[in-house]
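Fold and contact review
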Amino acid sequence: MGKHMKTVRWGILGTGGIARKFAEALSLLPDAQIVAVGSRTKAAADDFGNTWKIPRRYGSYLELANDPETDVIYIATIHTLHRENCLDCLEAGKAVLCEKPFTINAAQAAEVISLARQKKIFLMEAMWTRYFPVFGKVRELLAADALGEIRLVQADFAFRPAYDPKGRLYNPELGGGALMDIGVYPVSLASMIFGESPRRILSSAVVGRTGVDEQAAVIFEYPGGRQASLTFSFQYASPLEANIIGTEGRIRIESPWWYPRALTIVRPGREDERISLPYLGNGYTHEAVEVMECLRERKTESGRMPLEETLRIMQTLDAIRSDWGVKYPGD
């Protein structure tokens, strides 16, 4: 590996807030270079390009997908565009890192994954939380059975955004709702810890006047009576903590757990052990590093976020939503 490996040339598709954060993260990596950006308008692409000194700017997503000098494209558009954007990039032979939620439903996810596999092209869901040093440590502790048998995963993610019925968070046409925006984090955490889909899902949601979920509590039941208890909401601000609880102790991932700097291991009869594991830059750096390592090793997917698991998570999100009667275009 190391610095002798060639620079990875990135394209950024979309120019919103998360695209800006990702560009900032890439600017910290000497072996990454942003060579192209695509937006819905040339003006937006130029504006973004000027900020990050990006040589090629396109006024459409499709033109960026077909840029011949790009190795991998980061997709940072709204949920409802992910399928089309992924398919365009894969058709053009580009590796893809796509923001969460991966698509709007499992059928779309299956279509995107199938094309990547058919063309043997790298594809990964940008569930950035997975790549943080704290979660590397969590995986290590679980592999060593440090907590005995895991019985419960508890996680909350809630904040109060400004109410805008036409905006991305509240508009069903744009895949709005707390589940798709922030609920996907605790759902993905439970999936990472238990390594399988829940056998049974119980949930209660508050569906608001625009027809999307604004608050929910979800319980997953797994074989052997293991459970996950997850809450997410736009109606209140929560402590933003996660606990992974086993028969011999628990790990508390400190707030905000989805953007973590530290964890504490709590075991009966022993002193609590706090481990501080800061992230690089703004945290998006770690998923970019993972992508570049996979590309250098000629992998078509990441072992930390396998495509089968991304598909399972989308199936779980579909199952939760169907109980609530929340529908999106493309369902």
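Residues numbered from 1 in each chain as written. Predicted model: local features only at pLDDT ≥ 70, side-chain atom pairs only at ≥ 80, totals over all residues. Heavy atoms only, no water.

So, the overall build of the chain
- When its secondary structure is counted, the chain shows nine helices and 14 strands.
- Expected size for 331 residues packed as a compact globule is a radius of gyration near 20 Å; at 20 Å, the chain falls within 12% of this value.
- Projecting the C-alpha coordinates of the chain onto the three principal axes gives extents of approximately 60 × 50 × 35 Å.
- When each of the 331 residues of the chain is scored for burial, the buried share is 53%.
- Pairs at least 24 apart in sequence give 66% of the contacts found in the chain among residues at least 6 apart.
- Accessible surface, the chain as shown: approximately 13,900 Å² in total, 50% of it carbon and sulfur.
- Across the chain, the centroid of the 40 positively charged side chains sits 2 Å from that of the 41 negatively charged ones. (Helix = DSSP H or I, 4+ residues; strand = E, 2+ residues; numbered from the N terminus. Rg over C-alpha atoms; globule rule 2.2 N^0.38 Å. Buried < 20%, exposed > 50% of the residue type's maximum accessible area, 1.4 Å probe, protein only. Contact = heavy atoms within 4.5 Å. Areas by Shrake-Rupley, 256 points an atom, 1.4 Å probe, with all protein chains shown as cover. Lys, Arg positive; Asp, Glu negative; His and termini not counted. Charge placed at Lys NZ, Arg CZ, Asp CG, Glu CD.)

Side note on the packing of aromatic side chains
- Counted according to the given criterion, the structure contains 18 aromatic pairs.
- Between F22 and Y74, the ring centres sit 3.9 Å apart and the planes meet at 20 degrees, which makes this aromatic pair stacked. Placement of the pair is F22 in helix α1 (residues 17-26) and Y74 in strand β4 (residues 72-75), with a sequence separation of 52 residues. An identical accessibility class is assigned to F22 and Y74; each is buried. (Phe/Tyr/Trp six-rings, centres within 6.5 Å; stacked < 30°, edge-to-face > 60°.)

Re the packing of helix α6 (residues 133-143) against helix α7 (residues 178-194)
- Running from N to C, α6 and α7 point in directions that differ by 35 degrees, and their axes come no closer than 11 Å. The residues of α7 that touch α6, namely those facing F135, V138, R139 and L142, are L189, M192 and I193.
- Split into classes, the residues belonging to the contact of α6 with α7 amount to six nonpolar, no polar and one charged. (Axes fitted to C-alpha atoms, helices over the stretch in contact; angles between N-to-C directions. Nonpolar A, V, L, I, M, F, W, Y, C, P; charged D, E, K, R; others polar.)

Notes on the environment of G11
- Take G11: it is sitting in strand β1 (residues 8-13).
- Judged by relative accessible area, which is 0%, G11 ranks as buried.
- With 24 residues separating them along the chain, G11 and V35 place their C-alpha atoms 6.0 Å apart.
- Contacts of G11, omitting those with residues within four sequence positions, involve A36, L64, T70, V72, I73 and Y74.

A look at the nonpolar core
- Ranked by internal contacts, the top residues of the largest apolar core, which has 111 residues, are W10, I12 and F220.
- The greatest single-element share of this core, amounting to 12 residues, is contributed by α7. (Core = buried A, V, L, I, M, F, W, Y, C linked by side-chain atoms within 4.5 Å.)

Thoughts on helix α4 (residues 82-91)
- All buried positions along α4 are accounted for by H82, N85, C86, L87, C89 and L90.
- Packed against the buried residues of α4 are β1, α3 (61-65), β4, β5 (95-99) and α5 (106-119).
- One or two residues past the end of α4 sits G93, with phi positive at roughly 80 degrees.

Some points on the pattern of salt bridges
- All told, the structure shown has 25 salt bridges when counted by the stated rule.
- We note a salt bridge from R199 to E221, for which the minimum N-O separation is 3.5 Å. With R199 in the loop between α7 and β8 (200-207) and E221 in strand β9 (residues 213-222), this residue pair connects regions lying 22 residues apart in the sequence.
- A salt bridge links R274 to E254, with the nearest nitrogen and oxygen atoms 2.8 Å apart. Taken together, the residues span a long stretch of sequence, with R274 in strand β14 (residues 273-276) and E254 in the loop between β12 (249-253) and β13 (262-266) at a distance of 20 residues. (Salt bridge = Lys/Arg side-chain N within 4 Å of Asp/Glu carboxyl O.)

Details of the packing of α7 against helix α9 (residues 307-324)
- One way to put it is that α7 packs onto α9 with a least axis distance of 10 Å and a crossing angle of 125 degrees. One finds that α7 runs oblique with respect to α9. Viewed along their axes, α7 and α9 form a crossing whose handedness is right-handed. Contact residues: α7 offers L179, M180, V184, V187, S188, S191 and M192, while α9 offers E309, R312, I313, M314, T316, L317, I320, R321 and W324. (Parallel < 35°, antiparallel > 145°, perpendicular 65-115°, else oblique. Left-handed = near helix turned anticlockwise from the far one by under 90°.)

Concerning the sheet that holds strand β3 (residues 56-58)
- Spatial strand order, β3-β2-β1-β4-β5-β6: six strands in an open sheet with parallel pairing. With partners counted over all chains shown, the strands left at the sheet margins are β3 and β6 (123-126), one partner each. Averaged over all neighbouring strand pairs, the angle between strand axes comes to 25 degrees, with direction disregarded.
- Along the sheet, helix α2 (residues 42-52) makes contact with β1, β2 (32-38) and β3, crossing β3 at roughly 155 degrees.
- Relative to β5, α4 is tilted by about 170 degrees, and along the sheet it contacts β1, β4 and β5. (Pairing = 2+ DSSP bridges.)

Digging into the side chain of R226
- Looking at the element boundaries, R226 is found in strand β10 (residues 226-233).
- At a separation of 2.7 Å, a polar atom in the side chain of R226 contacts the side chain of E196.
- R226 has contacts with E149, I150, R151, F194, E196, F220 and E221, leaving out every residue within four places of it along the chain. (Polar contact = N/O pair within 3.5 Å; in protein donor to acceptor, adjacent residues only side chain to side chain.)

A short note on the sheet that holds β10
- With respect to topology, eight strands assemble into an open sheet ordered β8-β9-β10-β7-β11-β12-β13-β14, the strand pairing being mixed. Either end of the sheet is taken by a strand with one partner, and the two such strands are β8 and β14. Within the sheet, the average angular offset between the axes of one strand and its neighbour, ignoring direction, is 10 degrees.
- Relative to β14, β13 is paired through four bridges, and the arrangement is antiparallel. Its bridge partner lying in β14, I265 is registered against E273.
- α6 rests against β7 (150-158), β11 (242-246), β12, β13 and β14 of the sheet, and its axis sits at about 25 degrees to β13.

By themselves, these are just geometric observations and shouldn't be taken as functional.
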